[in-house]
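# Survey of secondary and tertiary structure
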Amino acid sequence: MLSSVVLGVLLSLIILLTVGGNVLVCLAVCASRRLRCLTNCFIVSLAATDLLLGLLVLPFSALLQLSDDWPLGPVFCNFYISMDVMLCTASILTLLVISVDRYLAVTMPLRYASLVLPWRVAVAMASVWTVSLAVSFLPIQMGWNTVNGTVQNQGPGHPERKCHFELNRPYVLTDSLLTFYIPLLAMCWTYFRILLIARTQAKRIIRTRPTCIASYNCRNRSSTTTTSVPSVSAMTLREHKATVTLAALIGAFIVCWLPYFILFTVLGLKEHPDPSSVPEYSIVLWLGYTNSALNPILYGALNKDFRSAYTRLLRCRCPSYSDCGCRPSPKLPAAREEFTEMALLCEHVPSTCTAGQVNQTIRLQQNKQQESQSPIHK
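The name an unreviewed UniProt entry assigns to the protein chain is Histamine H2 receptor, from the organism Takifugu flavidus. Among the UniProt annotations of the protein chain, the heading Sequence similarities (unreviewed entry) holds the following wording: "Belongs to the G-protein coupled receptor 1 family." A UniProt comment under Subcellular location (unreviewed entry) is attached to the protein chain, and it reads "Cell membrane".

All right, on to the nonpolar core then. With 77 residues, the main nonpolar core has Phe165, Phe253 and Trp257 as its most contacted residues. Of the residues forming this core, the biggest block, 18 residues, is contributed by helix 4 (residues 74-107). Ignoring sequence-local partners within four residues, the contact set of Phe253 consists of Ile92, Leu95, Phe180, Leu184, Met187, Leu258 and Asn291.

What follows covers the layout of surface pockets. Roughly 640 Å³ of internal volume is contained in the largest pocket. Taken together, 34 residues line the largest pocket, and the ones lying closest to its centre are Leu64, Tyr80, Ser276, Tyr281 and Leu285. Residue assignment for the lining of the largest pocket shows that the elements contributing at least two residues are helix 3 (58-67), helix 4, helix 8 (169-208), helix 9 (221-269) and helix 10 (279-301). A per-element tally of the lining of the largest pocket places helix 4 first, with seven residues.

Another aspect to go through is the packing of helix 2 (residues 38-56) against helix 6 (residues 118-134). The interhelical angle for the contact between helix 2 and helix 6, taken along N-to-C directions, is 25°, at an axis separation of 10 Å. The orientation of helix 2 with respect to helix 6, classified from their angle, is roughly parallel. The chirality of how helix 2 crosses helix 6 is right-handed. On helix 6, the residues touching Leu38, Cys41, Phe42, Ser45 and Thr49 of helix 2 are Pro118, Val121, Ala124, Met125 and Trp129. Here the residues of the contact of helix 2 with helix 6 sort into eight nonpolar, two polar and no charged.

Before going further, it helps to spend a moment on the packing of helix 2 against helix 3. To describe two helices that pack against each other, one gives the angle between their axes and the distance between the axes. As a packed pair, helix 2 and helix 3 sit with axes 4 Å apart at the nearest point and diverge in direction by 40°. The pairing of helix 2 with helix 3 is recorded here as oblique in orientation. Here Leu53, Gly54, Leu55 and Leu56 of helix 2 come into contact with helix 3, specifically with Leu58, Pro59 and Phe60. Across the contact of helix 2 with helix 3, the residue classes tally to six nonpolar, one polar and no charged.

Relative to the 24 Å expected for 17 residues at 1.5 Å per residue, helix 6 spans 24 Å between its end C-alpha atoms, a close match to the ideal helical length. Residues of helix 6 that are buried: Val121, Met125, Val128 and Ser132. Angular distribution of buried residues about the axis of helix 6 spans 55°; they occupy a single face of the element. Turned more than 90 degrees away from the buried face of helix 6, the exposed residues are Trp119 and Thr130. On its buried side, helix 6 packs onto helix 2 and helix 4.

Moving on: the UniProt feature "transmembrane region" (unreviewed entry) in the protein chain. Those places that UniProt annotates as "transmembrane region" (unreviewed entry) correspond, in this numbering, to residues 6-30, 42-67, 79-100, 121-140, 178-198, 244-263 and 283-302. Secondary structure across residues 42-67 divides into 96% helix and 0% strand, with the first and last C-alpha atoms of the span separated by 36 Å. Between the C-alpha atoms that bound residues 121-140 the distance is 29 Å, and the span itself is 90% helix and 0% strand.

Within helix 11 (residues 304-314), burial applies to Asp305, Phe306, Ala309, Tyr310 and Arg312. Looking straight down helix 11, one finds its buried side chains confined to an arc of 165°; they lie on one side.

Attention now moves to the packing of aromatic side chains. By the definition in use, this model includes 20 aromatic pairs. On the basis of an interplanar angle of 80° and a centroid distance of 6.1 Å, the ring pair of Phe165 and Tyr171 is categorised as edge-to-face. Just as Phe165 is buried, Tyr171 falls in that class too.

Reading the values: rules and limits
- Residues numbered from 1 in each chain as written.
- Predicted model: local features only at pLDDT ≥ 70, side-chain atom pairs only at ≥ 80, totals over all residues.
- Heavy atoms only, no water.
- UniProt positions renumbered as here; feature names shortened; annotations may be inferred.
- Core = buried A, V, L, I, M, F, W, Y, C linked by side-chain atoms within 4.5 Å.
- Buried < 20%, exposed > 50% of the residue type's maximum accessible area, 1.4 Å probe, protein only.
- Helix = DSSP H or I, 4+ residues; strand = E, 2+ residues; numbered from the N terminus.
- Contact = heavy atoms within 4.5 Å.
- 1 Å grid on protein atoms, 1.4 Å probe; cavity = no way out; pocket = protein on both sides within 12 Å on 5 of 7 lines; lining within 4 Å.
- Points joined across faces, edges and corners; volume = space filled by probe spheres on them.
- Axes fitted to C-alpha atoms, helices over the stretch in contact; angles between N-to-C directions.
- Parallel < 35°, antiparallel > 145°, perpendicular 65-115°, else oblique.
- Left-handed = near helix turned anticlockwise from the far one by under 90°.
- Nonpolar A, V, L, I, M, F, W, Y, C, P; charged D, E, K, R; others polar.
- Expected span 1.5 Å × (residues − 1).
- Arc of directions from axis to C-beta.
- Phe/Tyr/Trp six-rings, centres within 6.5 Å; stacked < 30°, edge-to-face > 60°.

In structure tokens:
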């Protein structure tokens, strides 16, 4: 009895975190004009998908988990399972689209605005939902996922008040390859390339930075060391932060979904008649659901603009729109570093803030700093 109460509290917490977190993401984008950009369309789509999962799927999954009873009939059972497969697939594929978007932003920053256009974003989202529908409603409603070719949970021989997901080899191989294994390999490759590029950019910035501010200050070597070491340390810390962030993104995805799809593939190849009867199946399934609760944290809270929007919403403050457009250029040497971090961490980079403008701002700040430190101006 106590274990059932603890399990019920745990499942309820996962559902509340999934619904509340993804509602917060959607509200943050609606309330902050800084967050209304094409890149964040993918974030909102991911949040909407996970929100629907928390509202339309997780409560019924918790009902099955706690009572092992299905009082809603076979038709709604198949609809529930189809929604489960479709929304989980859409969530995973949206993560893949986000990784590709970040890859383009980091590898081609000057061409990014011309590549990621509204119609291409719409095509990407339409493709995600087309594939999700193709591997969920169509095969389940047509009986293509069962061993004998009949629609699951229906027929005279089916036990009453039972709802289970039947599997056969062709369906399991097709579904797992299209919705997990291939996206997983693509995400690992894109994030690995992003990390390599981030390291290369950081080393290039360190090499090209002057060892001292001006030539007439180079006589005092102690002052040169004082000005250069902090900037190198700041760049090292920022590179480490980007590395940890990207590792957290791909790591959470793998930890949450890899156990489920391994067991899903094994049971499908064996054509197990009722995977839900396997004790480990429920554990790995809810571990995969947990990824939808973590997404608002990983793709929202790690973003400075999202954190600010979260703070305003949770404090019930009206959003300030005075920060629209390009951010004021930060003090040297953080401008170029912040531009790199915005691209890596999916920060809002307005289309007017190109790399050339950032470099130009840095050069102007360098000149002003040199003039202010010149003996003539003292």
